[in-house]
Every structure is written in C-alpha cells, then in structure tokens.
Amino acid sequence: MNTWITIAFSAITTLSIAISLLIAIWIFVKLAGRKIPWLPTAYRSLRPRLRFFVITLALMFSVLAVNQPEDFWWTVTSRSMIILLILSAGFLIQEIVNYSVSQVIARFENGDQSDAQVRRITTQLRMLRRLAKAIISVLAVGLALFTFPAVQGVGAGLLASAGVLSVIGGLAAQSVLGNLFAGVQLAFGNAIRVGDVVVVEGEWGTIGEITLSYVVVYIWDERR
C-alpha cells in the first residue's frame, strides 16, 4: 500500500512541475513573442512534441523515484519510460530541425524563382532536411533498442565481426544505398533543381520534388 501511495505522490509532484514548466514556457512565448515575431509560430509548431517530451520526462522521474528494481512491473515500466523519453526527444529534435530549415526554405521561396541559384539552394536545403530527419529517426530508434541488454550483446557481436558484415550489408543494401546517393548527387550536383522544366519519356513537366530515393515530375496534364 505504501508503495502505491509513493507512486501516486511522485506522479502528482512531477506532473505538477511539468505542467508548471509548460505554462511558464507558454507565458514566456506570449510575452517575448511581441518582440520576436517568429517565436509564437515556432512554439505552435513544436508545442505537441514539447508537451510529449516534458510529460514523459516527468513520468520517468516519478517511476525512478520509487526505485524497486526487484519488482517486474517496475523494470518494465522504467524501461518503457526510458524508451518513450528517447523517442520523444528524437521527435522534438526532428521537429526543431524541420521548422528551422523550413523557415530558411520559405525565405528563399519568397525570392525570385526564376533565379537558378535560388532554386538550387532551395533544393539542397530540402535534401538536407530529409537527410537530417532520417538520421535523427535512425539514431533515436537505435538508442531505444540499445536499452535492451540482448540488443547490446548483439551490437557488440556486430562490432566484433564488422568486417564481414559490412561486405554482406553492402551487397544487400546496394540498390537502396545507390538510390540514396543518387538522390543526394542530383540535389548537390546541380544536375536538376526544383522548378526546372524537363522532358521525361516524351512528356514535358516541372521538377516538383527531389527525395532521397525518387524525383517527382509534375506533368503538364496534372499527372505526377
């Protein structure tokens, strides 16, 4: 009974602190937003993931405060909260990068789109945004998986046999990596840019999007 009272008290305390912190951030944004025009927009974009991260952090502290590693429920719950915290932090960082780069892209898009240099920079920024989001996602999932001792053991074994596995993995992922590097090369090699007019298989259209694995062409009759 005392254990559950401790859990309830700890959860109420940490959640109260988390809610107070979120309210303080909201008040700061309201006040500072009068002088910093971009701050309210950034807050609205980051708010869902920020709330998820802060509340997850508070709940993790409430679970760790009980500290009963001999109980199965505590082990499962604490591991779950750590995984959620890692993923929520990854989501938050991902959205920060996405918002920051999107703001820079918007400034270039408001410029002269007939300028090839502007469209080249915009295309490269979009590619960098996709690369950053993909890398952050992989790192977050990887860190979450490495909280399991069994996965840590597998990781050590993989590092021990990295020479053989790198060759096998390279052959298995040759097609995927080839597409990935091709997409990066297209964006940074200035071969094509978003907004360029091209002819593909006898159909003319406009480059609408360059992703990590394919290029979207907007055909004249609204096909893609």
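A quick note: this is a predicted structure, and the numbers were derived from the prediction, not measured. (Residues numbered from 1 in each chain as written. Predicted model: local features only at pLDDT ≥ 70, side-chain atom pairs only at ≥ 80, totals over all residues. Heavy atoms only, no water.)

Tallying secondary structure elements over the protein chain gives 7 helices and 3 strands in all. Each helix (α) and strand (β) of the protein chain, taken in turn from the N terminus, gives the series α-α-α-α-α-α-α-β-β-β. The buried share of the protein chain, reckoned over its 224 residues, is 30%. Relative to all contacts within the protein chain whose residues are 6 or more apart in sequence, the contacts with residues 24 or more apart total 57%. Of the roughly 14,200 Å² of accessible surface on the protein chain, 69% is carried by carbon and sulfur atoms. (Helix = DSSP H or I, 4+ residues; strand = E, 2+ residues; numbered from the N terminus. Buried < 20%, exposed > 50% of the residue type's maximum accessible area, 1.4 Å probe, protein only. Contact = heavy atoms within 4.5 Å. Areas by Shrake-Rupley, 256 points an atom, 1.4 Å probe, with all protein chains shown as cover.)

A few words on the environment of Gln94. Here Gln94 lies in helix H3 (residues 72-109). What Gln94 contacts, discounting residues up to four positions off in sequence, is Arg49, Lys133, Ile136 and Ser137. Of the polar contacts made by the side chain of Gln94, one reaches the side chain of Ser137; its length is 2.6 Å. (Polar contact = N/O pair within 3.5 Å; in protein donor to acceptor, adjacent residues only side chain to side chain.)

The geometry of helix H2 (residues 38-66) relative to H3 is characterised by a closest axis approach of 9 Å and an angle of 165 degrees between their N-to-C directions. Considered as vectors, H2 and H3 are oriented roughly antiparallel to each other. Helix-helix and strand crossings are classified by hand; for H2 and H3 the assignment is left-handed. (Axes fitted to C-alpha atoms, helices over the stretch in contact; angles between N-to-C directions. Parallel < 35°, antiparallel > 145°, perpendicular 65-115°, else oblique. Left-handed = near helix turned anticlockwise from the far one by under 90°.)

Below, the discussion takes up the confidence of the model for the protein chain. Per-residue confidence for the protein chain gives a mean pLDDT of 78; residues scoring 70 or more make up 77%. Per-element averaging of pLDDT across the protein chain places helix H6 (residues 162-172) at the bottom with 49 and H2 at the top with 88. (pLDDT = per-residue confidence, 0-100.)

Let's shift gears to the sheet that holds strand E1 (residues 197-200). What the 3 strands build is an open sheet, ordered E1-E2-E3; its pairing is antiparallel. Pairing within the sheet leaves two strands with one partner each, and these edge strands are E1 and strand E3 (215-219). The average undirected angle you get between the axes of adjacent strands in this sheet is 55 degrees. Relative to E3, strand E2 (residues 203-210) runs antiparallel, the two sharing 5 bridges. In the sheet register, Thr206 faces E3, and the bridge partner there is Tyr218. (Pairing = 2+ DSSP bridges.)

What follows deals with the pairing of E2. Pairing analysis gives 4 bridges linking E1 to E2, with the strands arranged antiparallel. Residue pairing across strands places Val199 opposite Trp204, the latter belonging to E2.

On to unusual backbone geometry. The backbone of Glu201 sits at a positive phi, close to 50 degrees, despite the residue not being glycine. As for its placement among the helices and strands, Glu201 is situated in the loop between E1 and E2.

With 29 residues, H2 ought to run about 42 Å at 1.5 Å a step, and its terminal C-alpha atoms sit 41 Å apart, in line with that. Maximum bend of H2: about 55 degrees, positioned at Arg47, with proline Pro48 one to four residues after it. Within the sequence span of H2, burial applies to Leu39, Ala42, Tyr43, Leu46, Leu50, Val54, Thr56, Ala58, Met60, Ser62, Val63 and Val66. Phi for Asn67, located one or two positions after H2, is positive at around 55 degrees. (Expected span 1.5 Å × (residues − 1). Bend = angle between axes of the 7 residues up to and from the residue.)

On the surface, a nonpolar cluster with roughly 480 Å² of combined accessible area is contributed by Ile19, Ile23, Trp26, Ile27 and Leu31. With respect to the secondary-structure elements, Ile27 resides in helix H1 (residues 2-32). Note on Ile27: relative accessible area 39%, which makes it partly exposed. (Patch = residues over 30% accessible without salt bridge, like charges linked within 9 Å, V, L, I, M, F, W, Y side chains within 5 Å. Salt bridge = Lys/Arg side-chain N within 4 Å of Asp/Glu carboxyl O.)

Here the focus is the pattern of salt bridges. Taken as a whole, this structure holds 2 salt bridges when the rule is applied. Salt-bridge contacts for Arg49 lead to Glu95; the nearest nitrogen and oxygen are separated by 3.8 Å. Here Glu95 lies in helix H3 and Arg49 lies in helix H2, a separation of 46 residues in the sequence. Classification of Glu95 by relative accessible area gives buried; the value is 13%. Note that Arg223 and Glu203 form a salt bridge whose closest N and O atoms lie 3.3 Å from each other. Of the two residues, Arg223 sits in the segment after E3 while Glu203 sits in strand E2, which places them 20 residues apart along the sequence.

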